[in-house]
Amino acid sequence: MTTRASSRPDVDAADTASPLPLTVAIVVEAAGGGVAVHLADLIAGLAARGVDVHLIATQDEDRFDAHCLSPERLSACRSVTRVPMRRNVGVHDIASFLNVRRTLARIRPDVVHSHSSKAGVLARACRGPWASVYTPHAVYTLNPALGRSARCAFGAIESLFGRWLTDCVVAVSDDEARHLRDELRIPPARIATVWNGVPAFDTVSRSEARQRLGVPDGAFVVGLIGRFAFQKGVDRLVAIAREVGRRSSERVEFVCIGSGDFVTAAGVHAQQRPDTIRVVGAVPEARRLLRAFDVIALPSRYEGFPYVYLEAVATGVPIVSTRVAGADALVTTHETGVVVPNSDDPAPFADALIALATDAPRISRRTAWSMKPSLSIADASIGITYEIDQADRAAARLQPPQFGRRPARRPVGGTFARGFRNEDPHCRRRGGSGLLPRIRRRARRARHRGCGHCPRCGGIAHRVSSGDIGTRHSA
């Protein structure tokens, strides 16, 4: 486990009279592709608003986009901790859980915001006095290729954690929020929809972009931008390219930009890859080259809400996409492209590409739909976390106590942790941080529904006489 502290000034020592800043710990295992773009914008936005951001990420360099999450961008974090985390499930997850839990106990954040499925499970299993926020970025049960037993198992985990171990699940599209509510049975009150967004970005000219990619100026070029993974439908793209080459009279070039192993992602189709597919690999700031493409292809099996949608719309490039989450909301509703069925059959996708390649008037009507200003993910995250923290915990946690000292925080305990005594001089809050003490506290709250609440710790202030609230507290 490696930790790097930032050179940002110590806020606590700078001004003890001002309110303590909100502390957010971001936990991520799959820090690549759209998740890396999301994190880069989120970290910069939160830090600009005075939030102390701590990043806990995987040590696996293949799962961490160093171009998007560069040292310059990570300098906005108060600390960056790299812990061993793997994508596959195994005994090694125990060590990952302990490392994440130990890091969170050291940081003592107000909010723990986990991203993607693996980090979501590890971070939410670390119970503590913080608010728990989870952004799945395409929950795994959206995968149509998932078997029945696997769907039931992963669905049960997401449902259990979403109901009992999460204060808020952030969906990036209405389709994903609907799946969380209807399929996984997560209460609607715990779901918030915050659509992905992209800031204004610079692009290079069409001729310069094609020169950088090595594509002829007069060719019809289909672009694929994203991770080379099974989820992104790389094997589907190879089959689509073969189908287009067999049926189209026009030569259609396919350019693939992304990280990962293209051959592995293509599977059995890699041996039959046509010469019209050009694999470029990872390109920093790939969205600046979008004008090189005539069409953006997205043959994904499942998505939350891909950033390439927004980037293509911002540059006026039409989209051909399978019907994944967010496709109908943006592509169909705003007529920014064509949506085809989400299947392994390459014919519908090939038909759409051939129609665009041979229909010149249709190409000339490429939309330049202007994206409406939307709430940035940083603003939405701050709003969600403050709402959770003030609703479920006393607002005094975000205010400095007397003598400018940080409020006493509840330590992190095990699953069946024993009780402890809080050292806060204002109140005596008894109870533990584990499962059994939590159940006992809920039972006591049910017995004392007529009592008041301590304004400092949120515990019960027992009624000692008619019309009076006493000073005897309990958690």
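Residues numbered from 1 in each chain as written. Predicted model: local features only at pLDDT ≥ 70, side-chain atom pairs only at ≥ 80, totals over all residues. Heavy atoms only, no water.

Asks: It is not clear to me how the overall build of the protein chain should be interpreted in this structure. Could you clarify?
Replies: A tally of helices and strands in the protein chain yields 16 helices and 19 strands. Each of the 475 residues in the protein chain was classed as buried or not, and the buried ones make up 52%. Put simply, 66% of the contacts in the protein chain that link residues at least 6 apart link residues at least 24 apart. As displayed, the protein chain offers around 22200 Å² of accessible surface, 52% of which is attributable to carbon and sulfur atoms. (Helix = DSSP H or I, 4+ residues; strand = E, 2+ residues; numbered from the N terminus. Buried < 20%, exposed > 50% of the residue type's maximum accessible area, 1.4 Å probe, protein only. Contact = heavy atoms within 4.5 Å. Areas by Shrake-Rupley, 256 points an atom, 1.4 Å probe, with all protein chains shown as cover.)

Asks: Sorry, what's going on with helix α8 (residues 206-213) here?
Replies: In an α-helix, one turn spans 3.6 residues, which is why side chains three or four residues apart end up on the same side. Buried residues of α8: Ala209, Arg210 and Leu213, and no others. The buried residues of α8 all sit within an arc of 95 degrees when viewed along its axis, so they share a single face. The elements touched by buried residues of α8 are β9 (220-225), β10 (252-257) and β11 (277-281). (Arc of directions from axis to C-beta.)

Asks: Looking at this model, I keep getting lost on the environment of Leu39. Mind explaining?
Replies: Tracing the chain through its elements places Leu39 in helix α2 (residues 33-48). For the pair formed by Leu39 and Leu69, sequence separation is 30 residues and the distance between their alpha carbons is 7.9 Å. Those residues in contact with Leu39, other than ones at most four positions away along the chain, are Ile26, Val28, Ala31, Leu69 and His115.

Asks: What is the right way to read the nonpolar core from this model?
Replies: The nonpolar side chains of soluble globular proteins are, as a tendency, buried together. Judged by nonpolar contacts, the single largest core of 62 residues is most densely connected at Ile26, Leu55, Leu69, Leu74, Leu213, Phe293 and Tyr309. Broken down by element, the residue count for this core peaks at eight residues, all from α2. In this view, Leu74 contacts Arg4, Ile43, Leu55, Phe64, Leu69 and Val80; residues no more than four positions away in its chain are not counted. In this structure, Leu237, Ala241, Cys256 and Ile354 belong to the second largest nonpolar core, which totals 30 residues. (Core = buried A, V, L, I, M, F, W, Y, C linked by side-chain atoms within 4.5 Å.)

Asks: Help me understand the sheet that holds β11 in this model?
Replies: What links the strands of a sheet is backbone hydrogen bonding, and the strands pair in either a parallel or an antiparallel sense. Within the open sheet, the six strands sit side by side as β11-β10-β9-β12-β13-β14. Their pairing is parallel. Each end of this open sheet is capped by a strand with a single partner; those strands are β11 and β14 (337-340). Mean inter-strand twist for the sheet, computed between neighbouring axes without regard to direction, equals 20 degrees. Alignment of strand β12 (residues 295-298) against strand β13 (residues 319-322), held across three bridges, turns out to be parallel. When the bridges of β13 are listed, Leu298 appears paired with Ser321. Against the sheet, helix α9 (residues 234-247) makes contact with β9, β10, β11, β12 and β13, and its axis sits at roughly 165 degrees relative to β10, the strand it touches most. (Pairing = 2+ DSSP bridges. Axes fitted to C-alpha atoms, helices over the stretch in contact; angles between N-to-C directions.)

Asks: Would you mind going over the packing of helix α4 (residues 92-107) against helix α5 (residues 117-125) with me for this structure?
Replies: Two measures define how a pair of helices packs: the angle their axes make with one another and the distance between the axes. At a closest axis distance of 9 Å, the pairing of α4 and α5 adopts a crossing angle of 55 degrees. With respect to their mutual orientation, α4 and α5 come out oblique. The element α4 and its partner α5 pack so that their crossing is right-handed. Contacts between α4 and α5 involve His92, Asp93, Ser96, Phe97 and Val100 from the first element and Lys118, Leu122, Ala123 and Ala125 from the second. In the contact of α4 with α5, the residues fall into five nonpolar, two polar and two charged. (Parallel < 35°, antiparallel > 145°, perpendicular 65-115°, else oblique. Left-handed = near helix turned anticlockwise from the far one by under 90°. Nonpolar A, V, L, I, M, F, W, Y, C, P; charged D, E, K, R; others polar.)

Asks: It is not clear to me how the confidence of the model for the protein chain should be interpreted in this structure. Could you clarify?
Replies: In low-pLDDT segments, the atomic positions of the prediction should not be examined closely. For the protein chain, the mean per-residue pLDDT works out to 78, and 72% of the residues sit at or above 70. Note on residues 11-17: pLDDT is under 50 here. Beyond four places in sequence and across chains, it has eight contacts. Long-range and interchain partners of residues 363-434, a stretch whose pLDDT sits below 50, account for 154 contacts in this model, where long-range means more than four residues apart. (pLDDT = per-residue confidence, 0-100.)

Asks: Would you explain the packing of α5 against helix α6 (residues 148-164) in this entry?
Replies: Orientation of α5 relative to α6, taken along the N-to-C sense of each, is 40 degrees, at an axis distance of 11 Å. Accordingly, the angle class assigned to the pair α5 and α6 is oblique. Every pair of crossing elements has a handedness; the one defined by α5 and α6 is left-handed. Contacts between α5 and α6 involve Ser117, Val121, Arg124 and Ala125 on the former and, on the latter, Ile157, Glu158, Phe161 and Gly162. For the contact of α5 with α6, the class distribution of residues is four nonpolar, two polar and two charged.

Asks: So what exactly am I meant to see when it comes to the pairing of β14 here?
Replies: It is a general feature of regular strands that their side chains alternate between the two faces of the sheet. Two strands pair when backbone bridges link them, and β13 and β14 are joined in this way by four bridges, in the parallel orientation. Residue pairing across strands places Ile319 opposite Gly337, the latter belonging to β14. At this point the chain moves from β13, through helix α12 (residues 327-332), to the parallel β14, and the crossover so formed is right-handed. (Right-handed = clockwise from strand over helix to strand, strands pointing away.)

Asks: What should I look at first to understand α9 in this one?
Replies: The terminal C-alpha atoms of α9 lie 20 Å apart, and with 14 residues this matches the ideal 20 Å at 1.5 Å per residue to within 8%. α9 sits mainly inside the fold: ten of its 14 residues count as buried. Taken residue by residue, α9 has Val234, Asp235, Arg236, Leu237, Val238, Ala239, Ile240, Ala241, Glu243 and Val244 as its buried positions. (Expected span 1.5 Å × (residues − 1).)

Asks: Any chance you could explain the side chain of Glu243 here in plain terms?
Replies: Checked against the element boundaries, Glu243 lands in helix α9. Accessibility expressed as a relative area gives 15% for Glu243, which makes it buried. Side-chain polar atoms of Glu243 contact the side chain of Arg246, separated by 2.8 Å. Sequence-distant contacts of Glu243, defined by excluding residues within four places in its chain, comprise Pro346 and Ala350. (Polar contact = N/O pair within 3.5 Å; in protein donor to acceptor, adjacent residues only side chain to side chain.)

Asks: Explain unusual backbone geometry here, please?
Replies: If a residue is not glycine, its phi is most likely negative; likewise, a peptide bond is most likely trans. Even without being a glycine, His137 presents a positive backbone phi close to 55 degrees. Position of His137 among the secondary structure elements: in the loop between β6 (131-135) and α6. Taking the relative accessible area as the measure of exposure, His137 reaches 15% and is therefore buried.

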